[in-house]
Amino acid sequence: MSSLSRELVFLILQFLDEEKFKETVHKLEQESGFFFNMKYFEDEVHNGNWDEVEKYLSGFTKVDDNRYSMKIFFEIRKQKYLEALDKHDRSKAVEILVKDLKVFATFNEELFKEITQLLTLENFRENEQLSKYGDTKSARAIMLVELKKLIEANPLFRDKLQFPNLKNSRLRTLINQSLNWQHQLCKNPRPNPDIKTLFVDHSCGQANGARAPSPANNPLLGSLPKAGGFPPLGAHGPFQPTPVPVPQPLAGWMSNPSTVTHPAVSGGAIGLGASSIPAALKHPRTPPTNSSIDYPSGDSDHVSKRTRPMGISDEVNLPVNVLPVTFPGHGHSQTFNAPDDLPKAVARTLNQGSSPKSMDFHPVQQTLLLVGTNVGDIALWEAGSRERLVSKNFKVWDLSACSMPLQAALVKDPAVSVNRVIWSPDGSLFGIAYSRHIVQIYSYHGGDEVRHHLEIEAHVGGVNDLAFSHPNKQLCVITCGGDKTIKVWDATNGTKQYTFEGHEASVYSVCPHYKENIQFIFSTAVDGKIKAWLYDNMGSRVDYEAPGRWCTTMAYSADGTRLFSCGTSKDGESFIVEWNESEGAVKRTYQGFHKRSLGVVQFDTTKNRYLAAGDDFSIKFWDMDNIQPLTSLDADGGLPASPRIRFNKDGSLLAVSANDNGIKILANSDGMRLLRTWENLSYDASRTPEAPKPTVNPISAAAAATSAGLADRSASMVAIAGMNGDARSLGDVKPRITEESSDKSKIWKLTEISEPSQCRSLRLPENLRVTKISRLIFTNSGNAILALASNAIHLLWKWQRSDRNSNGKATASVPPQLWQPSSGILMTNDVADTNPEETVPCFALSKNDSYVMSASGGKISLFNMMTFKTMTTFMPPPPAATFLAFHPQDNNIIAIGMDDSTIQIYNVRVDEVKSKLKGHSKRITGLAFSHVLNVLVSSGADSQLCVWNTDGWEKQKARFLQVPAGRTPTAQSDTRVQFHQDQIHFLLVHETQLAIYETTKLECVKQWVPRDSSAPITHATLSCDSQLVYASFLDATVCVFTAANLRLRCRINPSAYLPASVSSNVHPLVIAAHPSEPNEFALGISDGGVHVFEPLESENKWGVPPPVENGSASSMAASPSVGAPGSEQAQR
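## Regarding the overall build of the protein
- Across its full length, the protein carries 14 helices and 59 strands.
- Counting contacts in the protein only where the partners sit at least 6 residues apart, residues at least 24 apart contribute 59% of the total.
- When the accessible surface of the protein is summed, it comes to about 44,800 Å², and 50% of that surface belongs to carbon and sulfur atoms.

## Brief notes about the packing of aromatic side chains
- The tally for this structure, following the rule as stated, stands at 35 aromatic pairs.
- Geometrically, the ring pair formed by Phe1081 and Trp1102 is tilted, given 5.7 Å between the ring centres and 55° between the ring planes. With Phe1081 in strand E58 (residues 1081–1085) and Trp1102 in the segment after strand E59 (1090–1094), this pair connects stretches of sequence that are 21 residues apart. Assigned by exposure class, Phe1081 and Trp1102 land together as buried.
- Among the aromatic residues, those joined into a ring-pair cluster are Phe36, Tyr40, Phe41, Tyr56, Phe60 and Phe157.

## Concerning the nonpolar core
- If you look at the biggest cluster of nonpolar residues, it comprises 42 residues, and the most contacted ones within it are Phe36, Phe41, Leu57, Ile76, Tyr81, Leu82 and Leu101.
- For this core, the secondary structure elements donating two or more residues are helix H3 (38–46), helix H4 (50–57), helix H5 (67–86), helix H6 (90–101), helix H7 (109–117) and helix H8 (136–153).
- Among the elements that line this core, the one with the most residues is H5, at ten residues.
- Dropping the residues within four chain positions of it, Leu82 is found in contact with Leu118, Phe124, Leu130 and Tyr133.

## Describing the pattern of salt bridges
- The tally for this structure, following the rule as stated, stands at 36 salt bridges.
- With a shortest N-O distance of 2.9 Å, Arg562 and Glu578 are connected by a salt bridge. On the criterion of sequence distance, the pair formed by Arg562 in the loop between strand E18 (551–556) and strand E19 (563–568) and Glu578 in strand E20 (residues 574–580) is long-range, its members being 16 residues apart.
- Residue classification places Arg562 among the buried positions, given a relative accessible area of 5%.
- The closest approach of N and O atoms between Glu1097 and Arg760, which form a salt bridge, is 3.7 Å. With Glu1097 in the segment after E59 and Arg760 in strand E32 (residues 760–763), this pair connects stretches of sequence that are 337 residues apart.
- You can call Glu1097 exposed: its relative accessible area is 64%.
- Relative accessible area serves as the criterion here: at 19%, Arg760 is assigned to the buried category.
- Residues participating in the shared-partner salt-bridge network are Asp159, Arg562, Glu578, Lys587, Arg588 and Asp625.

## Topic: the environment of Gln30
- Mapped onto the elements of the fold, Gln30 is located in helix H2 (residues 22–32).
- Residue classification places Gln30 among the buried positions, given a relative accessible area of 13%.
- C-alpha separation for the pair Gln30 and Phe60, spaced 30 residues apart in sequence, amounts to 7.1 Å.
- Those residues within four positions of Gln30 in sequence are excluded, and the remaining contacts are Lys55, Tyr56, Ser58, Gly59 and Phe60.

## Some thoughts on H3
- Along H3, the residues that are buried comprise Met38, Tyr40, Phe41, Glu44 and Val45. Viewed along the axis of H3, the buried residues span an arc of 160°, placing them on a single side of the element.
- Looking at the buried positions of H3, the neighbouring elements they touch are H2, H4, H5 and H8.
- Regarding H3, its N-cap is Asn37, as a side-chain oxygen of that residue lies 3.3 Å from the backbone nitrogen of Lys39 further along.
- Once H3 ends, the next one or two residues include Gly48, with phi positive near 70°.

## Some thoughts on the packing of helix H1 (residues 3–18) against H2
- Taken N-terminus to C-terminus, the directions of H1 and H2 make an angle of 160°; their axes are 8 Å apart at the nearest point. It follows that H1 is roughly antiparallel to H2 by the angle criterion. In this structure, the crossing between H1 and H2 has a hand that is left-handed. Here H1 contributes Val9, Ile12, Leu13, Leu16 and Asp17 to the contact with H2, which in turn contributes Lys22, Thr24, Val25, Leu28, Glu29 and Ser32.

## Observations regarding the confidence of the model for the protein
- Looking at the protein as a whole, the pLDDT averages 78, with 78% of positions reaching at least 70.
- Low pLDDT, under 50, characterises residues 683–745; the predicted model gives this stretch 197 contacts beyond four residues in sequence or across chains.
- Long-range and interchain partners of residues 1109–1132, a stretch whose pLDDT sits below 50, account for 62 contacts in this model, where long-range means more than four residues apart.

## A closer look at a nonpolar patch on the surface
- Side chains of Leu198, Phe199 and Val200 sit close together on the surface and give an oily, nonpolar patch of about 390 Å² of accessible area.
- Among the secondary structure elements, Val200 is positioned in the loop between helix H9 (170–184) and helix H10 (279–282).
- Assessed through its relative accessible area of 53%, Val200 is described here as exposed.

## Notes on unusual backbone geometry
- Pro878 follows Pro877 through a cis peptide bond whose omega is -10°.
- Secondary-structure assignment places Pro878 in the loop between strand E40 (870–874) and strand E41 (881–886).
- Located in the positive-phi region is Asp159, a residue other than glycine, with phi close to 70°.
- Overall, Asp159 belongs to the buried group, its relative accessible area being 8%.

## Re the sheet that holds strand E35 (residues 794–798)
- Ordered by their spatial adjacency, four strands build an open sheet running E33-E34-E35-E36, and the pairing between neighbours is antiparallel. At either margin of the open sheet sits one strand with a lone partner, and together these are strand E33 (773–778) and strand E36 (817–818).
- Of the strand pairs in this sheet, E33 and strand E34 (residues 784–789) are connected by five bridges, and their pairing is antiparallel. In the sheet register, Ile777 faces E34, and the bridge partner there is Leu786.

## Brief notes about the pairing of strand E13 (residues 496–501)
- Two elements, strand E12 (residues 485–490) and E13, share five bridges in a ladder whose sense is antiparallel. The partner of Val488 across the bridge, within E13, is Tyr498.
- Adjacent in sequence and paired antiparallel, E12 and E13 are bridged by five residues, among which Gly494 carries a positive phi angle near 80°.

## Focus on H5
- For H5, spanning 20 residues, the distance from its first C-alpha to its last is 28 Å, which sits close to the expected 28 Å at 1.5 Å a residue.
- Among the 20 residues of H5, 19 are classified as buried, and the element is accordingly described as predominantly covered.
- Taking the backbone nitrogen of Tyr68 as reference, a side-chain oxygen 3.0 Å away marks Asn66 as the first, capping residue of H5.
- His88 sits one or two positions beyond H5 and adopts a positive phi of about 60°.

## With respect to the sheet that holds strand E50 (residues 985–990)
- Read from one edge to the other, the open sheet built from four strands follows the order E49-E50-E51-E52, with strand pairing classed as antiparallel. Since the sheet does not close on itself, it has two edges, and those belong to strand E49 (975–979) and strand E52 (1003–1008), each with one partner. When the angles between neighbouring strand axes are averaged without regard to direction, this sheet yields 25°.
- Examined bridge by bridge, E50 and strand E51 (residues 993–998) share six bridges and lie antiparallel to one another.

## Details of the environment of Val375
- Along the chain, the position of Val375 falls in the loop between strand E3 (368–373) and strand E4 (378–382).
- The partly exposed category is assigned to Val375, whose relative accessible area is 43%.
- In the structure, Val375 is positioned 59 residues away from Tyr434 in sequence and 9.9 Å away in space, judged by C-alpha atoms.
- Beyond its immediate sequence surroundings of up to four residues, Val375 is in contact with Ser354, Val416 and Ser417.

Here is what the cut-offs are and how they apply
- Residues numbered from 1 in each chain as written.
- Predicted model: local features only at pLDDT ≥ 70, side-chain atom pairs only at ≥ 80, totals over all residues.
- Heavy atoms only, no water.
- Helix = DSSP H or I, 4+ residues; strand = E, 2+ residues; numbered from the N terminus.
- Contact = heavy atoms within 4.5 Å.
- Areas by Shrake-Rupley, 256 points an atom, 1.4 Å probe, with all protein chains shown as cover.
- Phe/Tyr/Trp six-rings, centres within 6.5 Å; stacked < 30°, edge-to-face > 60°.
- Buried < 20%, exposed > 50% of the residue type's maximum accessible area, 1.4 Å probe, protein only.
- Core = buried A, V, L, I, M, F, W, Y, C linked by side-chain atoms within 4.5 Å.
- Salt bridge = Lys/Arg side-chain N within 4 Å of Asp/Glu carboxyl O.
- Arc of directions from axis to C-beta.
- Polar contact = N/O pair within 3.5 Å; in protein donor to acceptor, adjacent residues only side chain to side chain.
- Axes fitted to C-alpha atoms, helices over the stretch in contact; angles between N-to-C directions.
- Parallel < 35°, antiparallel > 145°, perpendicular 65-115°, else oblique.
- Left-handed = near helix turned anticlockwise from the far one by under 90°.
- pLDDT = per-residue confidence, 0-100.
- Patch = residues over 30% accessible without salt bridge, like charges linked within 9 Å, V, L, I, M, F, W, Y side chains within 5 Å.
- Pairing = 2+ DSSP bridges.
- Expected span 1.5 Å × (residues − 1).

If you want it as structure tokens, here you go:
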């Protein structure tokens, strides 16, 4: 259906609503699938009209469209089932179970069994997960909250939740205008025409000499009715018709529209399967222009949306019990609360020295800012430390290789400016487009090390834009210029691969992208033309007019599903619009620009949600789904009329050009933490000659280049790959309380905690069958602790909501329950015929806490965390598993460290070892993934570290741990690794040291070594926000360090938590950090106990970091040492 036909449906909906045709309104909403009326849906759910609820939903989605849809239908049917049980209508419940719920057994058999078992209970509230179920009314209300979240997150409902912002009775107004126009055409128009029908055109009778009345003051249909009854849905941009005739859809040249799917969830769990490329694609041609053809739109194409196959979920594709109920992998951590997530606070001000023209943040080290200026200078800034790492003036590297026209032009006028700077997708290269012919590509090797890579004389005249892309998995540089061409160059050797000709004016910008397997490039020219090209020599596929018809840039949202453009006309009128690719039409035009922009407005997108533009001496923000401005900032003043802007990859920082050659770095709370982290690391490195600077590099462009690279500025949720095998998102980590600056006149003193009254600690309820705690982890929800004992038994403690614990989170203030299912079974690992003391236990917890994968020397077991049932076992020894870690992007993939020194990459879904990594000589003791660098770091009992590329599983680097002089590690000594929240550095833990490593160069940035007389380290972990390191020692001491410089700030002596009667051999074996409370941690003790620790509420933190004046911030020897001679450690 065309865009105008779609709009007509909205007008009819408005008319029907105003005329009170209520049932017809909702029937048309459902049949068209254009507008989902949330208020009507809520009413039907509250009233329990389940058949109508599902029928209405069916116009928008089917149960197997995606995981959101599946969860929506499941919640509704589960509620219907529970209501039947609550009424003791067993026959109705059985009917619902068989007809409605059985479909979910295919995806989650264990869950279906659990639901079926509710039939056997006299009252289903006996099931612990349903014990809080109240009455029907409240249960429906609670469910509705979840349903609304799911619907809002479901990509199939995108643009269907808000009704266009129409004036009242718009259809009547249009008919009125048409009749007035018809009346004007009458040969003998009457002054008061009598309109009796709309079925035929109006025509007046015999001439009476009167002129037709003005259309403006003659409503031929009588007075318009009052505002209709549609619920107030807020301003939502009307679906603007394109300002010029559109001959064909934007997406039509790519493929047959009915077979193209547009993924709506980035990095999602929905496998789209292999797409069959139509024959027309292999030899693309411009489809014939035919105004009578209605190309299906992405919004209304029910056929393509229905045939999307169901794929692998984020969690392991095995029966998983989630009765409360969350389908695997589903979460709302990506939801942002505007405008708190926007970087609004001025955190840094940098003085560039000349006016910034273009800026780009490094895609990995997100505080590293590349800048190009109006005089041809480039600079590389570390925003965290405010340090300018690199500064270069424009210079032609090889003048003899330049053409004579360029040489002559440079002699005549040497002035050159930078038009564009940009990083390659992996950050190993950056490119500069100059106003004179030239493109220069540098390679970046971390820190301040940049090298000449390529110099290309790309265009005659200026090079207006530059981008990286990788068609055919080969990294390319795309340029455009004043000679009206677009060119594609090999990024390795600079050879020209394609020249695209067809524009009739200077080409202003390029925007490479891909859909499915189709790579293409949008280009804009200064005559306002938009064209699109495939990587062939067959010419442009589209030819459209950009709003403003002058300087326009285009950009996709981070997930690649939404296309935007921003342009300014020669008269200073600026536009940001969203395009409907399927129809080649402007979908919405955002409002709020100054009437006459001074200069060309630049824009950027972030988080799949926000747009930003520099206009009217400020930065303006929009929610992508709302045409009205969200907010406007002046960044404390001092901005030019049209400031240049650029977000970093996760949207936590925003660089803005300022007056007087300045750059302001705006940050949100995450950005502040990121800047502080790099500020500390860079400061320490600058003071320590032997400590290298933190660097990023260059995993090779070929290996790191992925199809999403250039346009993908996705909001990555930072994950901590835990030492106990967990990987969790930081979306709900509590912000740390800002630490007060120490009064420099005071003498700093290490905080010593020796009495139970000096902190909050709690020993969890005991289980006498447990010997010692080998592994320990908080659940991802933060309301439970899971432990694995040396006798292969798992223990689970759960905190409940109460008056003393309103959020139900784990805390040292309220004791939890040692939880067991009603069956009384224990989660017990398979045990080999070996001494339990010689086995190496390991486990890993799923993201939604629904199951745990675990081993204690025997087979690996998969347990249901609710029922404690063993769901499956696999991989019998030898070799035995010694460490487990889930792949951060695919929980079907597990890295399994073995006692024979290999690492097996195992696919649970197909029960197959995909790769076997060999590089260590002894058992594997640690594994950690970085989803930013796409690497796996491994550590072994051989004291070796290895870095593996997760694309091909090749070993990239290896390094042996340097054991401090005088220290001899034991035979059982483990080396553990855990990624910092920046995903570039990792914490290394060994009995002889703590260290922070930079991953790409595998270099030690910071190290802390206990003194010779001190007890060995037994375990350590980063706090959830990576600001602290918690470490336990063989003498039962626990120490808290500042992570940025590994300086000791607090020591908890054993007398603070162990009674005096306890044997001196009792000590912590493992330590775990709470997933959202940075100051909370737990210890697993060698006597089988588990202790939870928090600072006193009056303190709310563990000690104070020592001031720099008290010794070199980076000198490891100067740091206070555990168990140092003369320390006041209590004797037990």
